[in-house]
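Descriptive structure summary
Take a look at the letters that make up each chain.
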Amino acid sequence: MRVWRRLIWAFCLYHRVGVRLCRQLVVRWLRGAFLREACGRCRRFFRMGGAITLLEDEGVPASSDYDFQRWLWRNHPRPWQLREMSREWEAFPSNPLFSILLPVCHPEPTFLAAALESVLNQVYPNWQLCVWLDGPQAVKVQRLLEAYSKLDDRIKVGQGGVRCHISHASNQALGTADGDFIALLDQDDIYPPHALYRIAEHLSCHPEHDFVYSDETNLDDKEKLCRPFFKPDWSPDYFNSIMYTCHLQVFRRSFIDKVGGFRERYEGSQDWDLVLRLTEKTNAIGHVSDILYYWRIHSGSTAKEGSEAKPYAKDAAIRAISEAIERRGEPGIVRAAPRAPGCYEVRYNLVAPGRVSILIPFRDQADVLDRCLQSINSSELPEDCE
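Rules used throughout
- Residues numbered from 1 in each chain as written.
- Predicted model: local features only at pLDDT ≥ 70, side-chain atom pairs only at ≥ 80, totals over all residues.
- Heavy atoms only, no water.
- Phe/Tyr/Trp six-rings, centres within 6.5 Å; stacked < 30°, edge-to-face > 60°.
- Helix = DSSP H or I, 4+ residues; strand = E, 2+ residues; numbered from the N terminus.
- Buried < 20%, exposed > 50% of the residue type's maximum accessible area, 1.4 Å probe, protein only.
- Axes fitted to C-alpha atoms, helices over the stretch in contact; angles between N-to-C directions.
- Parallel < 35°, antiparallel > 145°, perpendicular 65-115°, else oblique.
- Contact = heavy atoms within 4.5 Å.
- Nonpolar A, V, L, I, M, F, W, Y, C, P; charged D, E, K, R; others polar.
- Salt bridge = Lys/Arg side-chain N within 4 Å of Asp/Glu carboxyl O.
- Pairing = 2+ DSSP bridges.
- Core = buried A, V, L, I, M, F, W, Y, C linked by side-chain atoms within 4.5 Å.

1. Regarding the packing of aromatic side chains
Summed over all chains, the structure comprises 16 aromatic pairs. Taking 5.6 Å as the distance between ring centres and 65° as the angle between the ring planes, the aromatic pair formed by F98 and Y124 counts as edge-to-face. Taken together, the residues F98 in strand β1 (residues 98-104) and Y124 in the loop between α4 (109-120) and β2 (127-133) connect sequence positions 26 residues apart. Among the residues examined, F98 registers a relative accessible area of 0% and is labelled buried. For Y124, a relative accessible area of 0% puts it in the buried group. Chaining the aromatic ring pairs together yields one cluster made of F211, Y213, W234, Y238, F239, Y244, F251, W272 and Y344.

Printed below as a string of structure tokens:
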């Protein structure tokens, strides 16, 4: 009997130890699997040269810049938010019609299709797309635009007999527009789906604004966002040095008509020239602090090669800025900035400058004050200086 008791006790002890051991092994295996999965996710997040691809499942575009990807994660609307926007716009005090001008000249068909799709995907539906073909185009492009115009009657397509360049094509597209506000889109760029919604929302809060612009970013050859450009509010002097409102730009139609539309001697800088003339007629300028435009980088684009892609744009920009400061009674010399492509320096002529007062805000720093005075004495100063 004692033998059986000992056998039963040994079996129970062995069984209890075995169960506990098996349980520990299972827990360790699960814990290891969890850690392996967590490490795999971390590798996907912090992969060198890549983006946080997990966010694509949530409707957030991918970026090759980790810091910018974090910004997108925090600020880019999710699909459920876009669905809400598609209903909320009806509650705006006003729902302006946006006429989007799209001049087309020998585009890459895939890029053009992406641009058209980005307009069709807008959650704000009160728009029309005014496409103008600058002369004869490839058969594939013709068929693509014909198919899209049949797909949605908000897309209007016109064509010129000969190529007359972008200013003429933009004016022709403008002539077909019926909207209260005019937006610009290049043939290889993209609007995010909430772009027009944000502009309409801004105009609902600021109906007096005649010109509205947004922040922008580039789109690289891997279809990932990069090089975001978060812009300042309106600064006339800064605007004389760089065309920083570039994309997305929306204008009140009546003011474009008032300044005469796009001028044909300013190809490559025609929108810069337009804004310079338009902002001389109004101070009602708004800035939407959100990225509402994807500027594509590809061979031959200004986004990739700067002014070297379009050398004529530099001369047009210098001419547009020079004429603007002359019209404003602030003559000077405009030249390209030597170490900043796409930027310009304005050296204003001093006319009766008056007394110049130099303020030196130092205290108890004799060595700094001495160095400052030496630099003043060695500089060419006006006669009337204090």
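Read on, since the account is not over.
2. Some words on the packing of helix α10 (residues 270-278) against helix α12 (residues 311-327)
One way to put it is that α10 packs onto α12 with a least axis distance of 9 Å and a crossing angle of 10°. The pairing of α10 with α12 is recorded here as roughly parallel in orientation. Where α10 abuts α12, its residues W272, D273, L276 and R277 lie against A317, A320, I321, A324 and R327. In terms of residue class, the contact of α10 with α12 is made up of six nonpolar, no polar and three charged.

3. Overview of the side chain of N240
Position of N240 among the secondary structure elements: in the loop between α8 (236-239) and β7 (249-252). The class of N240 is buried, set by a relative accessible area of 2%. Setting aside anything within four residues of it in sequence, one finds N240 in contact with W272, L276, I321, I325, R328, Y344, V346 and Y348.

4. Some details on the pattern of salt bridges
With the rule as written, the count across this model stands at 18 salt bridges. Residue R263 is joined to D273 by a salt bridge in which the shortest nitrogen-to-oxygen separation is 2.8 Å. Taken together, the positions of R263 in the loop between α9 (253-259) and α10 and D273 in helix α10 put the pair 10 residues apart, joining distant regions of the chain. Here D273 falls in the buried class, since its relative accessible area comes to 0%. Its salt-bridge partner being D273, residue R277 comes within 3.1 Å of it at the nearest N-O pair. Linking R277 with D273, this pair stays in helix α10, spanning four residues, or about one helical turn.

5. Structural notes on the pairing of β7
In this structure, strand β4 (residues 181-184) lies alongside β7, joined through three bridges in antiparallel fashion. Opposite I182, over in β7, you have F251 as the bridge partner. Direction of pairing for strand β5 (residues 211-219) relative to β7: antiparallel, over a ladder of three bridges. What sits directly across from F211, in β7, is F251.

6. Overview of unusual backbone geometry
Omega for the bond connecting H247 with L248 falls within 30 degrees of zero, at -15°, which places this linkage in the cis form. Mapped onto the elements of the fold, L248 is located in the loop between α8 and β7. Of note, H165 is a non-glycine position whose phi angle comes to about 80°, a positive value. When you line up the elements, H165 lands in helix α6 (residues 165-175).

7. Points about the side chain of S170
Of note, S170 is situated in helix α6. On the basis of relative accessible area, S170 is assigned to the buried category, the value being 5%.

8. Comments concerning the nonpolar core
Grouped together as the largest cluster of nonpolar side chains are 79 residues, with contacts concentrated most on F98 and Y191. Apart from residues lying up to four places away in sequence, F98 is in contact with Y124, N126, W127, Q128, F181, L196, I199, A200, L203 and V250. Grouped together as the second largest cluster of nonpolar side chains are nine residues, L72, L219, L225 and Y294 included.

9. Here's the deal with the environment of H106
Within the element layout of this structure, H106 appears in the loop between β1 and α4. Separated by 30 residues in sequence, H106 and P136 have C-alpha atoms that sit 8.6 Å apart. When near neighbours in sequence (up to four residues on either side) are disregarded, H106 contacts P136, Q137 and Q187.

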